[in-house]
Amino acid sequence: MRSIKDLIALAKARPGQLNFSSAGVGNAGHFAGELFKALANAVFAPAATPKEIIGRLNAEILKALAAPEVRERLPGVGGAVPSGGSPEELGAFFRSEVEKFGKTVRGTGLKIQ
């Protein structure tokens, strides 16, 4: 295989037999894979990342966020505040944000332009 065209041709010849991987459902890599599938009109199967790998990555990220040099530098990068937690805590945070901003949108009547 030497090109994207070759990849698309292979995917069309073997629907559902080729995988793409991302760091999780709903992240940028997952969306990029889904967009590629749609634009290529081909069937790729998303490959799940094993929970052990997700756990290890989460632990390493939390370790990095705890490093003093990271904690000192991140606020200067767009005001980021380093924090971390479990996937369940992140899910709860996103749900609360969707609810909060959903109320704002519904309450103000904001519309997509």
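Here, the structure is the one placed above.
Residues numbered from 1 in each chain as written. Predicted model: local features only at pLDDT ≥ 70, side-chain atom pairs only at ≥ 80, totals over all residues. Heavy atoms only, no water.

Describing the overall build of the protein
Secondary structure assignment for the protein yields 5 helices and 2 strands. For the protein, the sequential pattern of α-helices and β-strands runs α-β-α-β-α-α-α. The globule rule puts the C-alpha radius of gyration for 113 residues at 13 Å, and the 19 Å found for the protein is more than 25% above it. Dimensions along the principal axes, computed over C-alpha positions, put the protein at roughly 50 × 45 × 25 Å. Here the protein holds 113 residues, and 14% of them are scored as buried. Counting only contacts in the protein whose residues sit at least 6 apart along the sequence, the fraction spanning at least 24 positions is 51%. Summing over all exposed atoms, the protein offers an accessible surface of approximately 9,000 Å²; the carbon and sulfur share of this is 63%. Taking the average place of the 15 positive charges on the side chains of the protein and the average place of its 10 negative ones, the gap between the two points comes to 9 Å. (Helix = DSSP H or I, 4+ residues; strand = E, 2+ residues; numbered from the N terminus. Rg over C-alpha atoms; globule rule 2.2 N^0.38 Å. Buried < 20%, exposed > 50% of the residue type's maximum accessible area, 1.4 Å probe, protein only. Contact = heavy atoms within 4.5 Å. Areas by Shrake-Rupley, 256 points an atom, 1.4 Å probe, with all protein chains shown as cover. Lys, Arg positive; Asp, Glu negative; His and termini not counted. Charge placed at Lys NZ, Arg CZ, Asp CG, Glu CD.)

Topic: the nonpolar core
Residues Ile8, Ala11, Leu18, Phe20, Ala40, Ala42 and Phe44 constitute the largest nonpolar core, which totals 7 residues. If sequence neighbours within four positions are ignored, Ala11 has contacts with Leu18, Ala42, Val43 and Phe44. (Core = buried A, V, L, I, M, F, W, Y, C linked by side-chain atoms within 4.5 Å.)

As for a nonpolar patch on the surface
On the surface, Ile53, Leu57 and Ile61 cluster together into a nonpolar patch covering about 270 Å² of accessible area. With respect to the helices and strands, Ile61 occurs in helix H3 (residues 51–66). (Patch = residues over 30% accessible without salt bridge, like charges linked within 9 Å, V, L, I, M, F, W, Y side chains within 5 Å. Salt bridge = Lys/Arg side-chain N within 4 Å of Asp/Glu carboxyl O.)

Thoughts on the environment of Ser86
Mapped onto the elements, Ser86 comes out in the loop between helix H4 (68–73) and helix H5 (87–108). On the basis of relative accessibility, which here comes to 23%, the residue Ser86 falls in the partly exposed class. Once the C-alpha coordinates of Ser86 and Leu62 are considered, the two residues, 24 residues apart in sequence, prove to be 9.6 Å apart.

A few points about the pattern of salt bridges
For the structure on display, the rule yields 4 salt bridges. Between Glu60 and Arg56 there is a salt bridge, with the nearest N and O atoms lying 3.4 Å from each other. With a gap of 4 residues between them, Glu60 and Arg56 both fall in helix H3, about one helical turn apart. Ionic pairing is found between Lys103 and Glu99, a salt bridge with its closest N-O pair at 3.5 Å. You can see Lys103 and its partner Glu99 sitting in helix H5, 4 residues apart, about one turn around the helix.

What about the packing of aromatic side chains?
Per the stated rule, a full pass over the model turns up 2 aromatic pairs. Judged by centre distance (5.7 Å) and plane angle (55 degrees), the rings of Phe36 and Phe44 are tilted. Judged by relative accessible area, Phe36 falls into the partly exposed class, the value being 26%. With a centroid separation of 5.8 Å and an interplanar angle of 55 degrees, the aromatic rings of Phe93 and Phe94 are classed as tilted. Under the relative-accessibility criterion, Phe94 is labelled partly exposed at 48%. (Phe/Tyr/Trp six-rings, centres within 6.5 Å; stacked < 30°, edge-to-face > 60°.)

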